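Next come the chains, spelled out residue by residue.
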Amino acid sequence: MITLHRAPWVLPISSPALADGAVIVDEERILAVGPYADLRLEGHDLALDHEARILMPGLVNGHCHLELSPFAHLGRQPVVPAAMTAWIADLLALRAGEDQGHGPTPGAALAALQADGVGLVLDIGNALLPPTGPAEGVDLHYVTELLGLSEQGTKEGLQTLDAHAAGHHFTCHAPYSTSRSLLQAVKKRARLAGQLYPIHVAESRDEVEFLQSGQGPFRTFLEERGVWDGTFTPPATGPVHYLAHLDLLDHQTLCVHAVHLGEDEIQMLAAKKAKVCLCPGSNRFLGVGRAQPEKMLAVGIRPCLGTDSLASNPQLSMWREMAILAQDHPGLPAETIVAMATRYGAEALGQSRQGHLQKGSCRPFLAVAYGGADPFEFLVRDLAPKELRWL
Ligand SMILES: [Zn+2]
C-alpha cells in the first residue's frame, strides 16, 4: 500500500526543512519527499494528515553500553568531578559483585530507547553476544570491546581474537587501557572485514596525562589493581597523535568522547576522515569537560551523538543529549544538532539509508508532537518528554 503522510513540518535533514510537507511511502521505503502541494496528486492509496507534528528520521545513538543498564544507580549518585578512576573502580566493583544491579535489563533499556525515537544503535559491550534479546523495531549493531595493557592482558585479548571467526565484530576500549599490539591487531582485523572501530578517545585529562607521562591517577589505578607490569611505554603525545602514529585512524574509526583534544588533533581527525561521537550527557555527569563541536564542524568533521551508559548518565535519551549540547554550546545551530543526532550518526555507522528522509531511505521514521515556532529549536530546546509515534 502506498501512503502519503502530510504534516506542518517535514525535516528531511539531507535537504532543507519543508513547511506543509509530505512523505510518500510503501511498506519499506520512502518513495518521495517534498512540499504537499507538489506531492498531493502523486498516486497513493491512503493520505494521513498529521496535525501539529514534525516528520523526521529516527534518532541514532552512536555510543552506548546496554550491558551496564542494571547499574543505573551509579549514574544517579553524585560523583567527584573529573575523578574518572574512582567511577571506574565503583563500576568494576559492582560488576564483580554478587549484586548485579537493579536498573533496567539491557533489553528493557533498548526498548525504552526505541520508544523514545531511536532507530539505530551502536552498542558496545564486553560480552561476546549482545546482552539484549531480539531488538523489535530498532537496528542494533553490537561490538565486543577488548582491553589489556599488560603483557598478560594483551595475550588474553589476542587469544580471544584468534578464537573467533573474522565476522565477529571486535573493537578496543581506549588508548590508555589497551596495548599497542592489541590496538593494532583489532584494527587490522576490523579493516579486513570492513568493520567500524569505535574507541573511547580523550575522555578525561587523566587519560592525556597518562599517555604523555605514564603517570597520574590512571597509573595509580592500574598499580592498585595489580595490572601494571611496566611493559607499557607512554607515547608522550596526545591520544589522537598516538592513534595516528599507530595507523589506527581512518573513515571507519569512531572516536568516542573526543573531549581533550588540541586543535592539531582535531585537524588530524579531519585529515584522516575519522568519525567522532560526542557524549555530552555522560561528560557532564562525570565532570570531565566539554568537547569542541564548533571546531570540529569548522574543519569538516560531522560529529554524531551518543548517550553512553546508564552507569554514567541519569537517562538514556537522545533528546536530552541534544538539549545538553545546546546548553553547553549556545552558538551551535539547532538544525546542526538535530543532524548530529540523526544523519551524522547514520553516516558514522555506515548506514546511508538511515538518518534522513529522501527517496530510497528506510522506514520507519518519526512523527513528533510539536508546538512552537521553529521546529529545530523545539526539538533541541524543549525539555518536556517528546510524544512521538513511528510511521
Ligand atoms: Zn563508553
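Residues numbered from 1 in each chain as written. Predicted model: local features only at pLDDT ≥ 70, side-chain atom pairs only at ≥ 80, totals over all residues. Heavy atoms only, no water.

With respect to the packing of aromatic side chains
- Throughout the structure, instances matching the rule amount to five aromatic pairs.
- With a centroid separation of 5.5 Å and an interplanar angle of 10 degrees, the aromatic rings of Phe 210 and Phe 232 are classed as stacked. Of this pair, Phe 210 sits in helix α6 (residues 205-213) while Phe 232 sits in the loop between α7 (217-224) and α8 (239-245); the two residues are 22 residues apart in sequence, bridging distant segments of the chain.
- Judged by its relative accessible area of 6%, Phe 232 falls in the buried class.
- Counting every residue linked through ring pairs, the aromatic cluster contains Tyr 176, Phe 210, Phe 218, Trp 228 and Phe 232. (Phe/Tyr/Trp six-rings, centres within 6.5 Å; stacked < 30°, edge-to-face > 60°. Helix = DSSP H or I, 4+ residues; strand = E, 2+ residues; numbered from the N terminus. Buried < 20%, exposed > 50% of the residue type's maximum accessible area, 1.4 Å probe, protein only.)

With respect to α6
- Among the residues making up α6, those that are buried are Asp 206, Glu 207, Phe 210 and Leu 211. Looking straight down α6, one finds that the buried residues subtend no more than 130 degrees of arc, so they occupy a single side.
- Those residues of α6 that are buried lie in contact with α2 (84-96), β10 (197-201), α7 and α8.
- Phi turns positive one or two residues past the end of α6, at Gly 214, with a value near 75 degrees. (Arc of directions from axis to C-beta. Contact = heavy atoms within 4.5 Å.)

Topic: the pattern of salt bridges
- Inspection of the entire model under this criterion finds 14 salt bridges.
- The partner of Asp 247 in a salt bridge is Arg 191, and the shortest N-O contact between them spans 3.6 Å. One end of the pair, Asp 247, is in the loop between α8 and β11 (253-257); the other, Arg 191, is in helix α5 (residues 180-193), and 56 residues separate them in sequence.
- When the shortest N-O distance is used, the salt bridge between Asp 328 and Arg 290 registers 3.6 Å. Taken together, the residues Asp 328 in helix α12 (residues 318-328) and Arg 290 in the loop between α10 (280-286) and α11 (293-298) connect sequence positions 38 residues apart.
- Each member of the salt-bridge network shares a partner with another, and the members are Lys 187, Arg 191, Asp 247 and Asp 250. (Salt bridge = Lys/Arg side-chain N within 4 Å of Asp/Glu carboxyl O.)

Re the pairing of strand β2 (residues 18-25)
- For β2, the buried fraction is high: six of the eight residues fall into the buried class.
- Bridge count between strand β1 (residues 3-10) and β2: seven bridges; the pairing is antiparallel. If you follow His 5 over to β2, its bridge partner there is Val 23.
- Pairing analysis gives five bridges linking β2 to strand β3 (residues 30-35), with the strands arranged antiparallel. Following the sheet pairing, Val 23 is matched in β3 by Val 33. (Pairing = 2+ DSSP bridges.)

Brief notes about the coordination of the zinc ion
- Surrounding the zinc ion are the protein donor atoms His 63 (NE2), His 65 (NE2), His 200 (NE2) and Asp 308 (OD), which sit 2.0 to 2.7 Å from the metal.
- For the zinc ion, the four donor atoms in the first shell make angles of 82 to 166 degrees at the metal, a pattern classed as irregular.
- Taken in chain order, the donor set of the zinc ion reads H-x1-H-x134-H-x107-D. Here the residue His 65 occupies a position in the loop between β6 (59-64) and α2, and Asp 308 occupies one in the loop between β13 (304-305) and α12, the gap between them amounting to 243 residues. (Donors = N, O, S within 2.8 Å, 3.2 Å for Na, K, Ca; no water. Tetrahedral: all angles 85-135°; square planar, octahedral: opposite > 155°, others 65-115°.)

Some thoughts on the pairing of strand β7 (residues 118-125)
- Counting buried residues along β7, eight of its eight residues qualify, which places the element largely inside the surrounding structure.
- Judged from the four bridges that link them, β6 and β7 form a sheet pairing that is parallel. Of the residues in β7, the one forming a bridge with Asn 61 is Val 121.
- Pairing analysis gives six bridges linking β7 to strand β8 (residues 139-146), with the strands arranged parallel. Its bridge partner being in β8, Val 121 is matched across the sheet by Leu 140.

Points about the domain arrangement of the chain
- Segmentation of the chain into domains returns domain 1 (3-57 + 358-390) and domain 2 (59-348).
- The C-alpha-based centres of domain 1 and domain 2 are spaced at 32 Å.
- Of the roughly 1500 Å² buried between domain 1 and domain 2 on both sides combined, carbon and sulfur atoms contribute 72%.
- Put simply, domain 1 and domain 2 have zero salt bridges between them.
- Put simply, the parts of the chain that give the side of domain 1 that touches domain 2 at least two residues each are β14 (366-369), α15 (375-381) and β15 (388-390).
- Counting residues per element, the side of domain 1 that touches domain 2 draws most heavily on α15, at five residues.
- Of the residues contributing to the side of domain 1 that touches domain 2, the split by class is eleven nonpolar, one polar and three charged. (Domains from an automatic or database assignment. Buried area = accessible area lost by both parts, 1.4 Å probe. Nonpolar A, V, L, I, M, F, W, Y, C, P; charged D, E, K, R; others polar.)

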